[in-house]
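A structural walkthrough
Now for the letters of each chain:
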Amino acid sequence: MAALTKEPDTASRDFVKQSSLYQEFLAEREEILKHKWLESERLGYDIGFERALLDWIRKHREGWRSARRQQMAGGSAPGGAAEKK
């Protein structure tokens, strides 16, 4: 009986992990973490995720999303190459 209650949870998790919204979240998070690393290296100390998030949103999010939409429309594999410093 316990196995029956776990199946919907597993199916729900799999559905969420495969959803386009979740994939966009993961791709954006990866870009923010790259930005955090680059800025922390440049400044010589860990700037933290929140500061990196706000800085990335302010400086790079719009361009990254635009480039990602173009990549997705063109059929090429999405990646982080669109946002070079």
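Residues numbered from 1 in each chain as written. Predicted model: local features only at pLDDT ≥ 70, side-chain atom pairs only at ≥ 80, totals over all residues. Heavy atoms only, no water.

With that settled, the discussion passes to the overall build of the protein. Within the protein, the secondary structure is distributed over four helices and zero strands. Counted from the first residue to the last, the protein has its helices and strands arranged as α-α-α-α. For the protein, the proportion of its 85 residues judged to be buried stands at 20%. In the protein, the share of contacts with a sequence separation of at least 24, taken over all contacts with a separation of at least 6, comes to 38%. (Helix = DSSP H or I, 4+ residues; strand = E, 2+ residues; numbered from the N terminus. Buried < 20%, exposed > 50% of the residue type's maximum accessible area, 1.4 Å probe, protein only. Contact = heavy atoms within 4.5 Å.)

So, on to helix 4 (residues 61–74). In this model helix 4 runs 20 Å from its N-terminal to its C-terminal C-alpha over 14 residues, within 8% of the 20 Å that 1.5 Å per residue would give. The set of residues buried in helix 4 consists of Trp64, Ala67, Arg68 and Gln71. The buried side chains of helix 4 occupy one side of the element, clustering within an arc of 100° when seen end-on. The exposed residues of helix 4 that point more than 90 degrees off its buried face are Glu62, Arg69, Gln70 and Ala73. Where the residues of helix 4 are buried, they touch helix 2 (20–43) and helix 3 (49–59). (Expected span 1.5 Å × (residues − 1). Arc of directions from axis to C-beta.)

As a further point, take the nonpolar core. One finds Ala27, Ile32, Ile47, Ala52, Trp56 and Trp64 forming the largest nonpolar core, which totals six residues. Of all the elements in the fold, those that place two or more residues in this core are helix 2 and helix 3. Those residues within four positions of Ile32 in sequence are excluded, and the remaining contacts are Phe49, Ala52, Leu53 and Trp56. (Core = buried A, V, L, I, M, F, W, Y, C linked by side-chain atoms within 4.5 Å.)

Two elements in contact, helix 2 and helix 3, have axes separated by 9 Å at closest approach and are oriented at 105°. It follows from the interaxial angle that helix 2 and helix 3 lie roughly perpendicular. Note on element contacts: helix 3 touches helix 2 through Phe49, Arg51, Ala52, Leu53, Asp55 and Trp56, opposite Glu28, Glu31, Ile32, Leu33, His35, Lys36, Glu39 and Leu43. Taken together, the residues of the contact of helix 2 with helix 3 sort by class into seven nonpolar, one polar and six charged. (Axes fitted to C-alpha atoms, helices over the stretch in contact; angles between N-to-C directions. Parallel < 35°, antiparallel > 145°, perpendicular 65-115°, else oblique. Nonpolar A, V, L, I, M, F, W, Y, C, P; charged D, E, K, R; others polar.)

Our focus in this paragraph is the packing of aromatic side chains. Given two aromatic rings, their pairing is described by the distance between the two centres and the angle made by the two planes. With the rule as written, the count across this model stands at two aromatic pairs. With centroids separated by 5.7 Å and ring planes inclined at 65°, the aromatic side chains of Trp56 and Trp64 adopt a geometry described as edge-to-face. Across the pair, exposure class does not vary: Trp56 and Trp64 are buried alike. (Phe/Tyr/Trp six-rings, centres within 6.5 Å; stacked < 30°, edge-to-face > 60°.)

It is the contact of helix 2 with helix 4, at a shortest axis distance of 12 Å, that shows an interaxial angle of 130°. On the basis of their axis angle, the class for helix 2 and helix 4 is oblique. Crossing angle aside, the handedness with which helix 2 passes helix 4 is right-handed. Taken together, the residues of helix 4 that come into contact with helix 2 (itself represented by Gln23, Glu24, Ala27, Glu28 and Glu31) are Arg61, Trp64, Arg65 and Arg68. Here the residues of the contact of helix 2 with helix 4 sort into two nonpolar, one polar and six charged. (Left-handed = near helix turned anticlockwise from the far one by under 90°.)

The analysis is restricted to geometry; functional conclusions fall outside its scope.
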